[in-house]
Amino acid sequence: MAYTVPKLDDYSPAALDRAIADLRSALEHEVAAVKSDADHEALRIRWRARTNGILTQINDLWLKAAPKEAKRDVGQRVNELKTWVEEKVESAKPGTASASVADKLDITLPGIRRPLGAEHPVVKTTNEIIGIFAKMGYSVETGPEIETDYYNFESMNFPPNHPARDTQDTIFIAGQESKPQRDRLLLRTHTSPVQTRAMEKHRPPIRVVAPGKVHRSDTPDASHSPIFHQVEGLAVDNNITFSDLKGTLDHAMKELFGSDVKTRFFPSFFPFTEPSADVQVTCFKCGGKGCRLCKMSGWIELLGSGMVDPKVLAFHKDNGYDPEKVSGFAFGMGVERIAMLKYGIDDIQLFFHGDVRFLEQFA
Ligand code: DAH
């Protein structure tokens, strides 16, 4: 129903408030419906026409008709209302509003910044390690995170039921009992099975690094995580010796931690290498004098390595890996551990929380 100006019998402030509020809301609705210049002209005439426009009616019906005592008050209210109606009707003209948005648009203001993502510190460290070996002629090889017992253990010379398997805290996929043991699935415990996959694919000579995610049934704490990352390495050719292994890893550690670090090779055991060695570097915090980081020893243990066991090569004899003719070395390092030492991070869990305040420090 279109709005009509009511007569006022009651001139109390409350009754005036109500009448004014009705009128305002009527005008708001009519303004919202204005779509064209013709609509606007109709609106202007209805509200502001001298003869019988709504403002004129208010003057007659509200002000002139008011009792003497109320005139002063009503006059003031009606005047305020007139000013409001006039402005409202004028600004309802189509195009007025958008023109004012254009006036307000300041193209010299800075735009909305969309922050760029950055490499996660684990990815960054992985890429750094790969880059060091790429310069020495290594290419990148990958393998699946869900592996068979054959690739993860058997081909790496862990015989079925051998106690060396117990060192790996394996997470097995359930419901595999009906399969032969070598086909049963598990989450790979190390990147070493990629050695097997690489030797199946490529004849010697071979030089590969294999980065990737690995899993162990470990309870999370400051230095353990059921998910972590490794970079594996494998080089096989004629006459590869332990000196090649030492020279390669000494160079890689100097690239990674600075030319001042020295390396030493400590006797160790892995089923897939013979002999095996743990590689240690001089503590880059105290320079070898002894501090809390290196537990006062001056040395930090960084990775496992060794000469590829002839039994591992023999799995691929038909593809050119005759242990009588070729030899090689292999190594494997934990990416989080290296990143923690490089950046002075004391809790491995920080890598997996996804807290931007931690991550953006590596951007
Ligand atoms: N696979 C071993 C681990 O997860 C690391 C390792 C040690 C890899 C010696 C190697 C190696 O290739 O030669 O602990």
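The following refers to the structure shown. (Residues numbered from 1 in each chain as written. Predicted model: local features only at pLDDT ≥ 70, side-chain atom pairs only at ≥ 80, totals over all residues. Heavy atoms only, no water.)

**Section: the site of the ligand**
As a reminder of what qualifies: To be near a molecule or strand, a residue needs just one of its heavy atoms within 4 Å of it. Polar contacts here mean pairs of N or O atoms no more than 3.5 Å apart (in protein, one a potential hydrogen donor and the other a potential acceptor; neighbouring residues in sequence count only if both atoms are side-chain atoms). In these tables, accessible area is a Shrake-Rupley quantity obtained with a 1.4 Å probe, and a residue counts as shielded only by the protein chains included in the view.
Contacts to the ligand come from 15 residues, most closely from His 190, Ser 192, Arg 216, Gln 230 and Glu 232. In the model, an oxygen atom of the ligand is placed 3.1 Å from a nitrogen or oxygen of the Ala 330 main chain. The separation between an oxygen atom of the ligand and a polar main-chain atom of Phe 331 is 3.2 Å. Coverage of the ligand by the protein chains reaches 91% of its 350 Å² of free accessible surface.

**Notes on the packing of helix 1 (residues 13–32) against helix 4 (residues 68–91)**
Convention followed: Think of each axis as a best-fit line through the C-alpha atoms, taken over the contacting stretch in the case of a helix, with angles from 0 to 180 degrees between the N-to-C directions. Elements are defined by DSSP. Helices are runs of H or I of four residues or more, strands are runs of E of two residues or more, and each kind is numbered from the N terminus. Roughly parallel means an angle under 35 degrees; roughly antiparallel, over 145; roughly perpendicular, 65 to 115; everything else is oblique. Residue contacts are counted whenever heavy atoms from the two residues lie within 4.5 Å of one another. Only Asp, Glu, Lys and Arg are considered charged in this grouping, and only Ala, Val, Leu, Ile, Met, Phe, Trp, Tyr, Cys and Pro are considered nonpolar; every other residue, Gly among them, is considered polar.
In contact at an axis separation of 11 Å, helix 1 and helix 4 are set at 5° when each is read in the N-to-C sense. Taken together, the axis directions place helix 1 and helix 4 in an arrangement best described as roughly parallel. On the side of helix 1, the interface is formed by Leu 16, Asp 17, Ile 20, Leu 23, Arg 24, Leu 27, Glu 28 and Val 31, while helix 4 contributes Val 74, Arg 77, Leu 81, Trp 84, Val 85, Lys 88 and Val 89. In terms of residue class, the contact of helix 1 with helix 4 is built from 10 nonpolar, no polar and five charged.

**Brief notes about the nonpolar core**
Note the following rule: Among buried residues, those of type Ala, Val, Leu, Ile, Met, Phe, Trp, Tyr and Cys that are joined through side-chain atoms within 4.5 Å constitute a nonpolar core. Working definition: with a 1.4 Å probe on protein chains only, accessible area under 20% of the residue-type maximum means buried, over 50% means exposed, and in between means partly exposed.
Core analysis: the biggest nonpolar cluster contains 42 residues, and Phe 133, Met 253 and Met 333 have the highest contact counts within it. Mapped by element, the contributors of at least two residues to this core are helix 6 (121–134), strand 6 (227–237), helix 9 (242–257), strand 8 (273–282), strand 9 (299–308), strand 10 (327–334) and helix 11 (335–343). Counting residues per element, this core draws most heavily on helix 9, at six residues. Look past the residues within four positions of Met 253 in its chain and what remains in contact with it is Gly 258, Val 261, Thr 263, Val 281, Leu 302, Leu 303 and Met 333.

**Regarding helix 11**
Because the α-helix completes a turn every 3.6 residues, residues three or four places apart line up on one side. Taken together, the buried positions of helix 11 are occupied by Val 335, Glu 336, Ile 338, Ala 339, Met 340 and Leu 341. Contact partners of the buried residues in helix 11: helix 6, strand 6, helix 9, strand 9, strand 10 and helix 12 (350–353). Downstream of helix 11 by one or two residues, Gly 344 has phi in the positive range, about 70°.

**Observations regarding the pattern of salt bridges**
Under the convention used in this document: Any Lys or Arg side-chain nitrogen found within 4 Å of a carboxyl oxygen on Asp or Glu counts as a salt bridge.
Going through the model one piece at a time under the given rule, you end up with 15 salt bridges. Across the pair Lys 201 and Glu 141 runs a salt bridge whose closest N-O atoms are separated by 2.6 Å. A residue pair is termed long-range when its members are at least 10 positions apart, and Lys 201 in helix 8 (residues 193–201) and Glu 141 in the loop between strand 1 (139–140) and strand 2 (146–148) qualify at 60 residues. Residue classification places Lys 201 among the exposed residues on the basis of a relative accessible area of 58%. Among the ionic pairs, Lys 325 bridges to Asp 322, the shortest N-O distance being 3.9 Å.

**Concerning the sheet that holds strand 8**
Rules: Two strands are said to pair when DSSP picks up at least two bridges between them.
The strand order 1-5-6-10-9-8-7 describes an open sheet built from seven strands, whose pairing is mixed. A strand with exactly one partner marks an edge of an open sheet, and here the two such strands are strand 1 and strand 7 (263–270). The pairing of strand 5 (residues 206–215) with strand 6 spans 10 bridges and is antiparallel. By the bridge assignment for strand 6, Gly 212 is matched with Gln 230. Against the sheet, helix 9 engages strand 7, strand 8, strand 9 and strand 10, with an angle of about 145° to strand 9.

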